[in-house]
Structures are given as C-alpha cells and as structure tokens.
Amino acid sequence: MSQSKPGNTYHHGDLRRALVEAAMAEVERGGIETLSLSAIAKALGVSQPAPYRHFADRDALLTEVVTEGFTLFAATLKAAPKRATGHQALSRMAQAYLRFGLDHPGLYKAMFASHILPQARDGVALQATASGSFALLVDATGLTDQQRAQRVALRIWASLHGIVMLQNQGLLHDRLVPIKLEQLVEDVLPAEEAGPGSH
C-alpha cells in the first residue's frame with residue numbers, strides 16, 4: 001500500500017505556517033538569494049501553485065519571514081535586561097543584540113540588509129515590529145529627553161549593526177585589532193553616567 005503524500009499533512013490550514021518555517025530555515029542556510037517558492041513547495045510535498053494561495057509572491061513570503069525575525073529579535077532584546085537597570089540593562093541588551101546577529105546571520109541579513117524592510121508599506125506588521133525593536137533600545141538608554149534618547153539609540157544601533165555585519169563577513173579578526181567582540185560592544189555604549197535620570 002502506497003504511503004500518503006507529505007502534502008496531505010497540510011490540508012487543515014497549516015501550510016502557511018509550514019511555508020514560513022521552511023523559508024526561514026532556507027534564509028538561515030543560504031540567505032534570501034537562494035529562496036524559491038517552487039523549491040519550498042517541492043520540499044514540502046505540495047503542488048507548485050499551493051504556496052500562492054497564502055503568499056502572492058516570493059517577497060510576500062520573505063516579508064512574513066522578516067516580520068517573524070523582528071518578533072524574535074524584539075523578544076530577545078526585551079528579555080535580556082532581566083531585573084537589571086541603568087547601564088547594566090543597556091549592556092545586556094547590546095550583548096543580546098550581538099548574540100542574535102551572530103547566531104542568526106542569514107535571518108539578520110534579511111532583516112537589516114535586504115530590500116524587504118525598506119520597501120514595506122506603512123502600517124504593515126513588519127514596520128510596527130521593526131520600530132518596536134528600536135523603541136526597546138531607546139527605552140534602554142534611560143534618557144528622559146526623548147530626542148536625545150533616540151539619537152543615542154541610533155548611534156548604538158549603527159555601531160552594533162556594523163560589528164555584526166563585519167564579524168559575519170569575517171572581517172573582524174585578531175590581525176586587525178586583538179579584541180573580544182563583547183568588549184567592543186561595551187566600547188560603543190555611552191558612559192555609565194548616561195543612565196536613568198540623565199538629561
């Protein structure tokens with residue numbers, strides 16, 4: 001007796017979830033350049049048109065992947081400080097940023113170094129989720145002046161992004177500067193006095 005096709009497991013509305021998970025795994029493996037709806041359909045054992053019942057095109061699926069990436073990223077940042085406050089909370093969040101970028105290089109690149117986020121329409125979940133992750137960094141500065149807090153957070157974000165991208169490209173090594181990445185992260189943070197209560 002022949003076995004049922006793998007696609008039979010997706011008859012109850014979970015094909016969308018399976019597509020996103022498969023796409024996320026592929027992005028982590030080879031980046032967005034290698035992502036193919038037809039290849040994912042084949043891997044899942046469903047027909048070639050099946051993914052298009054859930055996603056209009058490849059970019060629509062990638063948008064869902066990147067949105068989930070930012071959801072995971074925001075959760076990682078939010079959990080990092082635990083009960084710490086002030087500079088220690090900011091430090092823990094920055095170190096969590098580093099670990100996320102190094103642990104998920106393909107996903108991180110899709111989030112921060114692809115066309116998906118810049119081309120996302122206003123009001124979509126991706127925009128809100130991405131903005132929310134930046135807001136966490138703004139809050140972690142502990143600054144009461146919102147404009148200054150945003151500038152400081154932007155500077156930290158730009159610095160952390162540079163560290164992650166350089167490391168993932170293999171460009172940070174002891175021959176350049178003998179320093180641990182964790183210490184480099186601490187070096188880009190503002191001085192400890194720029195914590196809660198600063199103006």
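The paragraphs below set out a description of the structure included in this document. Everything numeric in this text was worked out from a predicted model, so none of it was measured.

Across its full length, the protein chain holds eight helices and zero strands. Counting from the amino terminus, the protein chain carries its helices and strands in the arrangement α-α-α-α-α-α-α-α. The burial tally for the protein chain puts 41% of its 199 residues in the buried class. Put simply, of all contacts in the protein chain between residues at least 6 apart along the chain, 67% involve residues at least 24 apart. Surface accessibility of the protein chain: about 11,300 Å² in total, with carbon and sulfur atoms responsible for 54%.

A few words now on helix α6 (residues 125-140). Between its first and last C-alpha, α6 extends 23 Å over 16 residues, near the 22 Å set by a 1.5 Å rise per residue. Along α6, the residues classified as buried are Leu126, Thr129, Ala130, Ser133, Leu136, Leu137, Val138 and Ala140. One or two residues past the end of α6 sits Gly142, with phi positive at roughly 75 degrees.

On to the layout of surface pockets. By rolling a water-sized probe across the atoms, one finds the places where empty space is left. The calculated volume of the largest pocket comes to roughly 270 Å³. In this structure, the largest pocket is lined by 13 residues; those nearest its centre are Asp59, Ala60, Thr63, Ala120 and Arg121. The set of elements that each furnish at least two residues to the lining of the largest pocket consists of α3 (58-79) and α6. When residues of the lining of the largest pocket are assigned to their parent elements, the largest contribution, five residues, is made by α3. A per-class count over the lining of the largest pocket returns six nonpolar, four polar and three charged. Size it by volume and the second largest pocket reaches roughly 230 Å³. Examining the composition of the lining of the second largest pocket, we find that six residues originate from one element, α6, more than from any other. Split by residue class, the lining of the second largest pocket holds 12 nonpolar, four polar and no charged.

Scoring rules and cut-offs
- Residues numbered from 1 in each chain as written.
- Predicted model: local features only at pLDDT ≥ 70, side-chain atom pairs only at ≥ 80, totals over all residues.
- Heavy atoms only, no water.
- Helix = DSSP H or I, 4+ residues; strand = E, 2+ residues; numbered from the N terminus.
- Buried < 20%, exposed > 50% of the residue type's maximum accessible area, 1.4 Å probe, protein only.
- Contact = heavy atoms within 4.5 Å.
- Areas by Shrake-Rupley, 256 points an atom, 1.4 Å probe, with all protein chains shown as cover.
- Expected span 1.5 Å × (residues − 1).
- 1 Å grid on protein atoms, 1.4 Å probe; cavity = no way out; pocket = protein on both sides within 12 Å on 5 of 7 lines; lining within 4 Å.
- Points joined across faces, edges and corners; volume = space filled by probe spheres on them.
- Nonpolar A, V, L, I, M, F, W, Y, C, P; charged D, E, K, R; others polar.

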